[in-house]
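Structural overview
For reference, the chains in residue letters:
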Amino acid sequence: MDFITNFFLRVLAFSLLWIVLVNGALDSWVIGIPMVIMATFISIKLLPSTPISFIGLVKFIPFFLWHSLLGGFDVAKRVFYAEVKISPTMFLYRWRLPEGLSRVFMAKVVSLFPGTLAVDLGGEYLQIHALDDSVDLRLELMSIEKKVADMFKIDISAVER
Amino acid sequence: MIIDVISAFFILLGALFFLAGTLGLLRFPDVYTRLHALTKSDNVGLGLIIIGLMLQVDSWLVAAKLLFIWFLVLLAGAGVAHLIASTAQKRGLKPWKK
């Protein structure tokens, strides 16, 4: 995406956000316009444009909502028992995603999914704290990672592991 | 009327998840397991409460604002959980073992 398109898409997004924040009050644009422009420049500086696959994103949202719902149920199930049902473990998973936003994104997602919490994501490995050591964490993380990679238009199939 | 009932249902269900998160905070044995409980169930609890509230609003602007609040809490919750977990580990806190 070239700079101009990128710039105007961000202006559009921040303008929409401003409208939502002020409930569409027209006179607020006196402050809104400078704010939108500032936010656009800061966001370009802090988060340069990342290729995102639209189809990947559309597929990811229901996947995420469903699994984070399961994450909540999973906790509820464990705490309402008379005896707390957990057998925690630490688990190291070797990244296939490259360094950067996609890794941070996946770590956040994993922390909301059932039974997994991202502890450390620097370096070669993603370190996970898991509530249940009887599940195949590696397989689970691989499938999440694949979906994240699709969304960020990254090909991880060739990465050796 | 029916809307009110559905909306109340979602809000109460959401409250139940907050209860689960709080119970987890009290009952789980160490910082890592407690983080699991808080982040995951509070995220679902807030999501359900937001759905319940969205059924009550009469402008899409307010609905969008509610959704945006949920999104921000989601980001903050997951991020803070990770920061606390990694700090705990750097300080040498060992995870509880069965």
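Refer to the structure presented above.
Before going into details, it helps to say that this report is about the structure given with it.

**So, the layout of surface pockets**
The computed volume of the largest pocket comes to approximately 1900 Å³. Considering the residues around the largest pocket, the lining is formed by 38 residues, among which A:Leu47, A:Ile52, A:Leu57, B:Phe71 and B:Leu75 are closest to the centre. Of all the secondary-structure elements, those providing two or more residues to the lining of the largest pocket are α1 (3-21), α3 (54-79) and α4 (101-112) of chain A together with α3 (60-90) of chain B. Residues that form the lining of the largest pocket fall into these classes: 32 nonpolar, four polar and two charged. When residues of the lining of the largest pocket are assigned to domains, at least three fall in each of domain 1 (3-46) and domain 2 (54-151) of chain A. Its boundaries defined by the atoms lining it, the second largest pocket holds a volume of some 250 Å³. Lining the second largest pocket, in full, are A:Leu65, A:Ser68, A:Leu69, B:Asn43, B:Val44, B:Gly47, B:Leu48, B:Ile50, B:Ile51, B:Met54, B:Leu67 and B:Trp70. For the lining of the second largest pocket, the secondary structure elements donating two or more residues are α3 of chain A together with α2 (31-54) and α3 of chain B. Top contributing element to the lining of the second largest pocket by residue count: α2(B), with seven residues. Per-class residue counts for the lining of the second largest pocket are nine nonpolar, three polar and no charged.

**Re the environment of A:Tyr93**
In this fold, A:Tyr93 is placed in strand β1 (residues 89-94). Residues A:Tyr93 and A:Leu121, spaced 28 residues apart in sequence, show a C-alpha to C-alpha distance of 9.6 Å.

**Examining the sheet that holds strand β3 (residues 125-130) of chain A**
Residue and element names in this part refer to chain A. The strand order β1-β3-β2 describes an open sheet built from three strands, whose pairing is antiparallel. The open sheet has two free edges, formed respectively by β1 and β2 (116-120), since each of these has just one partner strand. Strand after strand, the sheet turns through a mean of 35 degrees between neighbouring axes, direction not considered. Packed onto the sheet, α4 meets β2 and β3 and runs at close to 140 degrees relative to β2. Packing of helix α5 (residues 137-151) onto the sheet brings it into contact with β1, β2 and β3, and relative to β1 it is tilted by some 45 degrees.

**Details of the interface of chain A and chain B**
Each partner contributes residues to the interface: chain A has 43 residues there, and chain B has 39 residues. For the pair chain A and chain B, the summed buried surface comes to about 3300 Å²; carbon and sulfur atoms form 73% of the total. Where chain A packs against chain B, one counts zero salt bridges. One can count 13 residue pairs in polar contact (both at pLDDT 80 or more) joining chain A with chain B. Those elements that provide at least two residues to the side of chain A that touches chain B are α1, α3, β1, α4, β2 and β3 of chain A. With 11 residues, α3(A) is the largest single contributor of residues to the side of chain A that touches chain B. Looking at the side of chain A that touches chain B residue by residue, the classes come out as 27 nonpolar, 12 polar and four charged.

**A few points about the side chain of A:Thr89**
As for its placement among the helices and strands, A:Thr89 is situated in strand β1. Of the residues examined, A:Thr89 reaches a relative accessible area of 16% and is grouped as buried. Among residues more than four places away in sequence, those in contact with A:Thr89 are A:Ile128, A:His129, A:Ala130, A:Asp133, A:Leu137 and B:Lys97.

Cut-offs used in this document
- Residues numbered from 1 in each chain as written.
- Chains lettered and ligands numbered in written order.
- Predicted model: local features only at pLDDT ≥ 70, side-chain atom pairs only at ≥ 80, totals over all residues.
- Heavy atoms only, no water.
- 1 Å grid on protein atoms, 1.4 Å probe; cavity = no way out; pocket = protein on both sides within 12 Å on 5 of 7 lines; lining within 4 Å.
- Points joined across faces, edges and corners; volume = space filled by probe spheres on them.
- Helix = DSSP H or I, 4+ residues; strand = E, 2+ residues; numbered from the N terminus.
- Nonpolar A, V, L, I, M, F, W, Y, C, P; charged D, E, K, R; others polar.
- Domains from an automatic or database assignment.
- Pairing = 2+ DSSP bridges.
- Axes fitted to C-alpha atoms, helices over the stretch in contact; angles between N-to-C directions.
- Contact = heavy atoms within 4.5 Å.
- Buried area = accessible area lost by both parts, 1.4 Å probe.
- Salt bridge = Lys/Arg side-chain N within 4 Å of Asp/Glu carboxyl O.
- Polar contact = N/O pair within 3.5 Å; in protein donor to acceptor, adjacent residues only side chain to side chain.
- Buried < 20%, exposed > 50% of the residue type's maximum accessible area, 1.4 Å probe, protein only.

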